[in-house]
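# Notes for the structure review
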Amino acid sequence: MRIFETEYFADLSFQHRVLFLLSLAIVFLLFCSVIFAVYAILLRIRNNRKAAYWKRLEAAWEETILEVLSGEKQPSELQQRVGRKDTLYFVDFVLRYARQLRGQEREILTEVVRPFLGRIAERTVGGDAERRARAVRTISALGFEEYTDRIIAALDDPSPLVAMIAARALAQKEHPQYAVQVLKRLHRFQGWSRSYMATMLSAVGPQIVPALRETLLDAGQPPQARAVAAEALRELNEFSAADDAARILTSEHDRDLLASCLRLLAQTGRPEHLPAIRPLLKSPDFVVRAQAAGALGAIGDEQEIPFLRDAFEDPSPWVAIQAAQGLKESGGVKVLEQIADSDHPRADLARQILVGEK
């Protein structure tokens, strides 16, 4: 700057130069603060005007929507009141209404927004993940049948959030045929909770059972995906899948898959599945041993007491807890009583299980 090259600046002492520079910095910062303050005020004014504008529109739309729902007006009369620049906001407004309605009233609202959903569907690709997710959620709620292909395509979206929203939309009992598309892509959701995925799939109902069994037995699927299928079958209490689970116990080694199959057998298994379960009491993985003890106790009888007694001595306390519970369920209460009355290191555990018995 030229001011630093003047004779006046050159004659200043070092301290005065520093003070002069600090004064310039303060003036500059003050100027910036004023600019930001003015910008904030203008932004607030613009937002207030926009909010007032949307409020007026919503009031007008709400009145007309009620008239359309009551049959006093046709959907076309409401559609004509929506300007092109207001399309996205109008669809969002109707979506809020539609979430509270069912049956014919919801069908009427779907008809109202049908001409505008094309623009929403275009937003399922490109842009940021939040925009795509919102678009998928909207067309799933208001235009599922018309935009099913778009929703299925969203299962392959790079964003896990978008893919999960699409999966939830497709895994519904109203249209169980599309849940298969989710099963084919279970590998996409390995970071999500297995119980959450299993609950979502089981909500489809018995129609999804054949596809779940196929996924469970498909060695080409990731073990995590097969474990989800086993958990969903357990939630559906599907007894026909017990043979599948027992077969997997003898051929697979993945912890999660084995544990899920053992939980399935604990709920749906039969005595003939016990020979497949017993060897897993010696598994090197304590999670598998614990689930094996639980399954053995759930479907076994007094013949399993020696195996469960041995499992009670397992180094893992989790295995011991399952074995103790298994002893109680399979008729080994006397064994627990003997342990409870002794100086066994796990006598307290036996007493706790027995208290639960009473």
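Quick summary incoming for the structure in this document.

The rules behind the values
- Residues numbered from 1 in each chain as written.
- Predicted model: local features only at pLDDT ≥ 70, side-chain atom pairs only at ≥ 80, totals over all residues.
- Heavy atoms only, no water.
- Helix = DSSP H or I, 4+ residues; strand = E, 2+ residues; numbered from the N terminus.
- Buried < 20%, exposed > 50% of the residue type's maximum accessible area, 1.4 Å probe, protein only.
- Core = buried A, V, L, I, M, F, W, Y, C linked by side-chain atoms within 4.5 Å.
- Contact = heavy atoms within 4.5 Å.
- Phe/Tyr/Trp six-rings, centres within 6.5 Å; stacked < 30°, edge-to-face > 60°.
- Axes fitted to C-alpha atoms, helices over the stretch in contact; angles between N-to-C directions.
- Left-handed = near helix turned anticlockwise from the far one by under 90°.
- Nonpolar A, V, L, I, M, F, W, Y, C, P; charged D, E, K, R; others polar.

## Things to note about unusual backbone geometry
Positive phi values are uncommon outside glycine, yet Asn 237 reaches one of about 55 degrees. Structurally, Asn 237 can be placed in the loop between α13 (223–235) and α14 (242–249). The partly exposed category is assigned to Asn 237, whose relative accessible area is 34%.

## What to know about the nonpolar core
Residues Phe 90, Leu 201, Leu 216, Leu 249 and Ile 277 are the most contacted members of the largest nonpolar core, which totals 103 residues. Ranked by the residues each element gives to this core, the list is headed by helix α9 (residues 160–170), at eight residues. Other than its neighbours up to four places away in sequence, Phe 90 contacts Trp 61, Leu 78, Val 82, Val 112, Val 113 and Phe 116.

## Comments concerning the packing of aromatic side chains
Applying the stated criterion to the full structure yields three aromatic pairs. Relative to Tyr 196, the ring of Trp 192 has its centre 6.1 Å away and its plane inclined at 25 degrees; by these criteria the two rings are stacked. On the accessibility criterion, Tyr 196 (31% relative accessible area) is partly exposed.

## Re the packing of α9 against helix α11 (residues 194–202)
In the contact formed by α9 and α11, the axes pass within 9 Å of each other and the chain directions differ by 35 degrees. The way α9 lies across α11 gives a crossing that is left-handed. Of the residues in α11, those in contact with Met 164, Ala 167 and Arg 168 of α9 are Tyr 196, Met 197 and Met 200. Of the residues contributing to the contact of α9 with α11, the split by class is five nonpolar, no polar and one charged.

## Describing α9
Where burial is concerned, most of α9 is hidden: eight out of the 11 residues are buried. Taken together, the buried positions of α9 are Val 162, Ala 163, Met 164, Ile 165, Ala 166, Ala 167, Ala 169 and Leu 170. Tucked into the core, α9 has its buried residues touching α7 (129–142), α8 (148–154), α10 (179–183) and α11.

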